[in-house]
Amino acid sequence: MLHKYKEKEVLIVSEASVNPKATEVDEPLVKLPKGKKVFFIAILYVMFLFDFIIRYGVNSILPLIQEDLQISSTQVGLLSSAIFLGMAIFVMPISFIGENKSQRRAISFCGILWSAATVVCGMAGSAVNLIINRLLVGAGNSAYAPLSTAMLTSWYKKSSWGKVLGLYNTAMAVGGALGYLIFAAVAEAYGWRSAFYIIGAVSLVVSLLSLLLPDNKKLMAEQGAAEGHNHEAEEIAQIKLNAKDTAKLVLHNRALLTMCLAAGFALFAMNTGSTFLSIYYVNVMDMSVTKAAAMVAAATPVSLIAFPLGGAILDKWYQKDRRARMWMPMISILLSGLILVAGYAVANVPLIIVGNAIYSVGTTSFHTASHELVPAWYKSVSYGTYVLFIQLMGALGPTIGGIIVDAVGVHSALVYVQGFLIISVLLLAYAGKIYLKFYNAARQAEQEKGLGTVTE
């Protein structure tokens, strides 16, 4: 009887997989009072701001660093690549430990590490020293997004993830813009070294607030036991991940890996653009460093609309077809590539801004898909796999882009690298075709542990 019942459950999930109905339990794993939830989200959001302030803001002062340290465009690319390489190296181990032990402690470790390493960047006496220090910043940045989004989605039901993560991801646009403006302003007023000292110190203070975050695993266990019926939360809290089984699950998930590869090719192009955009504005359009930073920051209002708009559209589309998780970024990346080619070719700032914003519309899809293509207890590791791909390939972008810039100039180079977005589009088309198979497999794995019970 039990075997037949489970077969029936799997069948219901399969029927609902393309056009989801109210068949799956859709409740948050952790229930928090509204006031506390808002406070905790504010801490995560401000930390996410500094993650991107420090990650991308340095790009605005690369012309000053390049002139002071007398480094080539290839070395500038290496400097930018270092942070993404650090993320690629450390994202999986830190995500795994955080998921297995404590998300809160891992989040605090990440913030403190990237802040301290930023301060040390100001002490660098050579390009090599600065590259090593930025590698350490990347180690700190590495697992913050996987851990913080896993914590955040535990507080909300799955059907609202698109909207929630769309709003949360506005921190990427705001943080990147603030980083460009703040680093440029402080560097021009006090020198580029002081920019690292001041911003790193403020980030450290903010990161210490993460010690006030709740322990999700502890709350899951407590609430599951207290409520009696919240078996799912209690069960997930008790699960301990095995490294071998985790690796096997990830390596056999073709939908996840294809999506991650597609996102990696896209970020290869986008990181190249963000690294050399200030240099493009200064060299091609004859702007000052501060004006170039202002032009980069001018994209923020558009991106602020793009992230939540993309999340809202995703939630609506998702109600009709789960494969929207792949179709949406496929369309947005294609449009982004076409617009950016035109924008860089004719040196048109509005087109460059719009092209980057349209790319942002689809990125929330990657975050939500990485959480639902695996059983619930693998969310941080799955997102970590996504981060591993995008940062490893994102690290290659600025370095290879720097080589292309040295060969053909920044104007032509930024046009050529958009070709990698077409590869991303083709991979997402394939990922969309196989998405439902791996989505259903993840739900079946949850049911085999008695989780995610469905009702007719």
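Given the structure is predicted, the values throughout are model-derived calculations rather than measurements. Along every chain, residues carry numbers that run from 1 in the direction the sequence is written. Selection of residues for local features in this predicted model requires a pLDDT of at least 70, selection of side-chain atom pairs for listing and counting requires 80 or more, and totals for whole chains, interfaces and linings are taken over all residues. To obtain the side-chain values, all non-hydrogen atoms of the structure were used and water was disregarded.

Asks: Explain a nonpolar patch on the surface residue by residue, including any values.
Replies: Without a salt bridge and with relative accessible area above 30%, a residue can belong to a patch; like charges are then joined within 9 Å and nonpolar side chains (Val, Leu, Ile, Met, Phe, Trp, Tyr) within 5 Å. Only the protein chains shown count as covering a residue, and every accessible area follows the Shrake-Rupley method with a 1.4 Å probe. What makes a salt bridge here is a side-chain nitrogen of Lys or Arg within 4 Å of a carboxyl oxygen of Asp or Glu, nothing more. A surface patch of nonpolar side chains, about 590 Å² in accessible area, is lined by V120, M123, Y190, Y197, I198 and V202. No other element matches the three residues that helix α10 (residues 192-208) contributes to the nonpolar patch. For M123, the position within the fold is in the loop between α5 (103-121) and α6 (127-141). Burial classes follow relative accessibility: with a 1.4 Å probe on protein chains only, a residue under 20% of its type's maximum area counts as buried, one over 50% as exposed, and anything between as partly exposed. Since its relative accessible area comes to 58%, M123 is described here as exposed. In this text, helices come from DSSP runs of H or I with a minimum length of four residues, and strands from runs of E with a minimum of two, each type numbered from the N-terminal end.

Asks: Account for the pattern of salt bridges, with residues named and values stated.
Replies: Tallied over the full model, the rule gives three salt bridges. Between R55 and D51 there is a salt bridge, with its nearest N and O atoms 2.8 Å apart. Taken together, the residues span about one helical turn, with R55 and D51 both in helix α2 (residues 34-56) at a distance of four residues. Of the residues examined, D51 reaches a relative accessible area of 0% and is grouped as buried. Where R325 meets E372, a salt bridge forms, and the shortest distance between an N and an O atom there is 3.2 Å. Pair noted here: R325 is in helix α17 (residues 324-346) and E372 is in helix α18 (residues 349-372), with a separation of 47 residues, a long-range link. Comparing R325 with E372 shows no difference in burial state: the two are buried.

Asks: Could you give me a rundown of the confidence of the model for the protein chain, with the residues and numbers involved?
Replies: The predicted model of the protein chain has a mean per-residue pLDDT of 82, with 88% of residues at 70 or higher. Values of pLDDT, which run from 0 to 100, indicate the predictor's confidence residue by residue. Across the protein chain, the element-wise mean pLDDT spans from 38 in helix α1 (residues 2-16) up to 96 in α10. Note on contacts: a residue pair qualifies if any of its non-hydrogen atoms lie within 4.5 Å across the two residues. Long-range and interchain partners of residues 1-16, a stretch whose pLDDT sits below 50, account for 23 contacts in this model, where long-range means more than four residues apart.

Asks: Talk me through the packing of aromatic side chains; I want residue IDs and the actual numbers.
Replies: By convention, a stacked pair of Phe, Tyr or Trp rings (six-membered ring in the case of Trp) has centres within 6.5 Å and planes under 30 degrees apart, an edge-to-face pair has planes over 60 apart, and any other such pair is tilted. For the coordinates displayed, the defined rule picks out 16 aromatic pairs. With a centroid separation of 6.3 Å and 15° between ring planes, the pair formed by F265 and F420 is classed as stacked. Placement of F265 in helix α14 (residues 254-284) and of F420 in helix α21 (residues 419-448) is noted, with a sequence separation of 155 residues between them. Assessed through its relative accessible area of 18%, F265 is described here as buried. In this structure an aromatic cluster arises from ring pairing among Y45, F48, F52, Y56, F84, W114, Y144 and Y168. Charge-over-ring placement is defined geometrically: NZ (Lys) or CZ (Arg) within 6 Å of the ring centre, and within 35 degrees of the ring normal. One cation-aromatic arrangement involves K37 over Y156; the distance from NZ or CZ to the ring centre is 4.4 Å.

Asks: Please give an account of the packing of α18 against α21 that cites residues and values.
Replies: Throughout, an axis means a line fitted to C-alpha atoms (over the contacting stretch in the case of helices), and angles, computed between N-to-C directions, take values from 0 to 180 degrees. Where α18 meets α21, the closest approach of the two axes is 10 Å, and the angle between their N-to-C directions is 35°. Taken together, the residues of α21 that come into contact with α18 (itself represented by F366, A369 and E372) are L428, Y435, Y439, A442 and R443. Ten residues, namely Ala, Val, Leu, Ile, Met, Phe, Trp, Tyr, Cys and Pro, are considered nonpolar, four, namely Asp, Glu, Lys and Arg, are considered charged, and the remaining ones, Gly among them, are considered polar. Of the residues assigned to the contact of α18 with α21, the class counts are six nonpolar, no polar and two charged.

Asks: Describe the environment of F39, and please don't skip the residues or the numbers.
Replies: Tracing the backbone shows F39 in helix α2. Taking the C-alpha atoms as reference points, F39 and L212, 173 residues apart in sequence, are found 9.6 Å from one another.

Asks: Report on the nonpolar core, specifying residues and quantitative values.
Replies: In terms of nonpolar packing, the biggest core is built from 125 residues, with I65, L130, Y144, F196, M259, Y281 and Y386 touching the most fellow members. In terms of residue count, α14 provides more of this core than any other element does, 16 residues in total. Counting residues in each nonpolar core, the second largest holds five residues, with L314, A324, M328 and V361 among its members. To define a nonpolar core, start from buried Ala, Val, Leu, Ile, Met, Phe, Trp, Tyr and Cys residues and group those joined through side-chain atoms within 4.5 Å.

Asks: Give me the lowdown on unusual backbone geometry, citing residues and values where you can.
Replies: Of note in the backbone geometry, D286 takes a positive phi value of approximately 55° without being a glycine. With respect to the helices and strands, D286 occurs in the loop between α14 and α15 (289-297). The phi angle at A347 is positive, at roughly 55°, despite the residue not being glycine. Among the secondary structure elements, A347 is positioned in the loop between α17 and α18.

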